[in-house]
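# Summary of the model geometry
Here is how the chains run, residue by residue.
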Amino acid sequence: MQPLTERTSLAEEVHARLVDAMVSGSLPPGTPLRQERLAEELNVSRQPIIQALGMLRRDGLIEPAGRRGYKVAPVDAALVRHVYDVRAALDGLAAGLAAARPDAVRRDVLLAEEEAGRQALAGGDVPALVDADIAFHQKIYALSDNPLLPEASAAVWRHIRRVMRAVLEKRAARASVWQEHAGIAAAIRDGDATLARQLAERHALGAADQLIRWMTEQPDTETHTKNTQPVRFGSVLG
């Protein structure tokens, strides 16, 4: 096999930076992505940009838009349903497996993750809420002791990160999210695999139903907003 090159790692860093910008809202759905502009903004050559755009298209996060151009893919009701159906299956499996672990493994788990969520909730910090939410679910994946789950879920969670911010922007949803997390965590600590699986599945599917309802009621929400202005990434990649 050929050794990894610095260019490959730079492309991955560009990919991660663009994903973060989509999640934060700096690159909302519909934003045009031009190679030259991105290369200038990130102070890199076009080659890692081309590679990163190829990775984003593979992920389903961007789509072709005109000659040699792309745009950030829309977040619509169909995408939300597809993504959260898969998430429900993965989350349910992970929670059930975690609850079936030996008592010594699961007895005191998820307490730190719940506390981080409560602190983010109290501060009304949406980015911190997103991070805490992801950390909570990834911890359950790790507790499942199935090493394939984090890798199998990676592509789905790239989409979920984009959608999750839209959910947590709604103040009414924030407290209920962490109430449901508390129920899932308690079922895992109690070793109730059936309940843990059911609650995790219900949590994911309920989030999808809620977001789709908001999108239907307000079709011009930021999940559909187009941005024609260049994005500013701040610090330059190395």
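### As for the nonpolar core
- Of all hydrophobic cores here, the largest spans 45 residues; its most connected members are Val-80, Tyr-84, Leu-110, Ile-140 and Ile-188.
- When residues of this core are traced back to their parent elements, those giving at least two are α4 (77-99), α7 (126-143), α8 (148-168), α9 (171-190) and α10 (193-217).
- No other element matches the 10 residues that α4 contributes to this core.
- In this view, Ile-188 contacts Ala-95, Ala-98, Ala-99, Arg-106, Val-109, Leu-110, Ile-140 and Ala-196; residues no more than four positions away in its chain are not counted.
- Counting residues in hydrophobic clusters, the runner-up holds 21 residues, among them Val-14, Val-19, Leu-33 and Ala-52.

### So, helix α3 (residues 46-59)
- The end-to-end C-alpha distance of α3, which contains 14 residues, comes to 20 Å, matching closely the 20 Å that a straight helix rising 1.5 Å per residue would cover.
- Listing the buried residues of α3 in full gives Pro-48, Ile-49, Ala-52, Leu-53, Met-55, Leu-56 and Asp-59. Along the axis of α3, the buried positions cluster into a sector of 160°, meaning they face one direction only.
- Backbone geometry just downstream of α3 places Gly-60 in the positive-phi region, at approximately 80°.

### Regarding the sheet that holds strand β2 (residues 62-64)
- One open sheet accounts for 3 strands, arranged β1-β3-β2; its pairing is antiparallel. Looking at which strands have only one partner, the edges of the open sheet turn out to be β1 (32-33) and β2.
- Bridge analysis of β2 against strand β3 (residues 70-72) gives 3 bridges, and the strand direction is antiparallel. Note that in β3 the partner of Ile-62 across the bridge is Val-72.
- Relative to the sheet, α3 contacts β1, β2 and β3, its axis offset from that of β2 by approximately 100°.

### Thoughts on unusual backbone geometry
- Of note, the phi angle at Asn-43 is positive, near 55°, even though the residue is not glycine.
- Inspection of the secondary structure assignment puts Asn-43 in the loop between α2 (35-42) and α3.
- Residue classification places Asn-43 among the exposed residues on the basis of a relative accessible area of 56%.
- With phi around 65°, Asp-145 is a residue other than glycine that occupies positive phi space.

### Let's talk about α2
- Along α2, the positions that sit buried rather than exposed are Gln-35, Leu-38, Ala-39, Glu-41 and Leu-42. Taken end-on, α2 shows its buried residues confined to a sector of 165°, consistent with a single buried face.
- Just beyond α2, the residue with positive phi is Asn-43, at close to 55°.

### Re the pattern of salt bridges
- In this structure the tally under the stated criterion is 11 salt bridges.
- Among the ionic pairs, Arg-107 bridges to Asp-103, the shortest N-O distance being 2.9 Å.
- With a shortest N-O distance of 3.1 Å, Arg-118 and Glu-115 are connected by a salt bridge. Pair noted here: Arg-118 and Glu-115 are both in helix α6 (residues 111-123), with a separation of 3 residues, about one helical turn.
- A relative accessible area of 45% places Arg-118 in the partly exposed class.
- The exposure class assigned to Glu-115 is partly exposed, which follows from its relative accessible area of 35%.
- Here the residues in one salt-bridge network are Arg-58, Asp-59 and Arg-158, joined through shared partners.

Conventions used here
- Residues numbered from 1 in each chain as written.
- Predicted model: local features only at pLDDT ≥ 70, side-chain atom pairs only at ≥ 80, totals over all residues.
- Heavy atoms only, no water.
- Core = buried A, V, L, I, M, F, W, Y, C linked by side-chain atoms within 4.5 Å.
- Buried < 20%, exposed > 50% of the residue type's maximum accessible area, 1.4 Å probe, protein only.
- Helix = DSSP H or I, 4+ residues; strand = E, 2+ residues; numbered from the N terminus.
- Contact = heavy atoms within 4.5 Å.
- Expected span 1.5 Å × (residues − 1).
- Arc of directions from axis to C-beta.
- Pairing = 2+ DSSP bridges.
- Axes fitted to C-alpha atoms, helices over the stretch in contact; angles between N-to-C directions.
- Salt bridge = Lys/Arg side-chain N within 4 Å of Asp/Glu carboxyl O.

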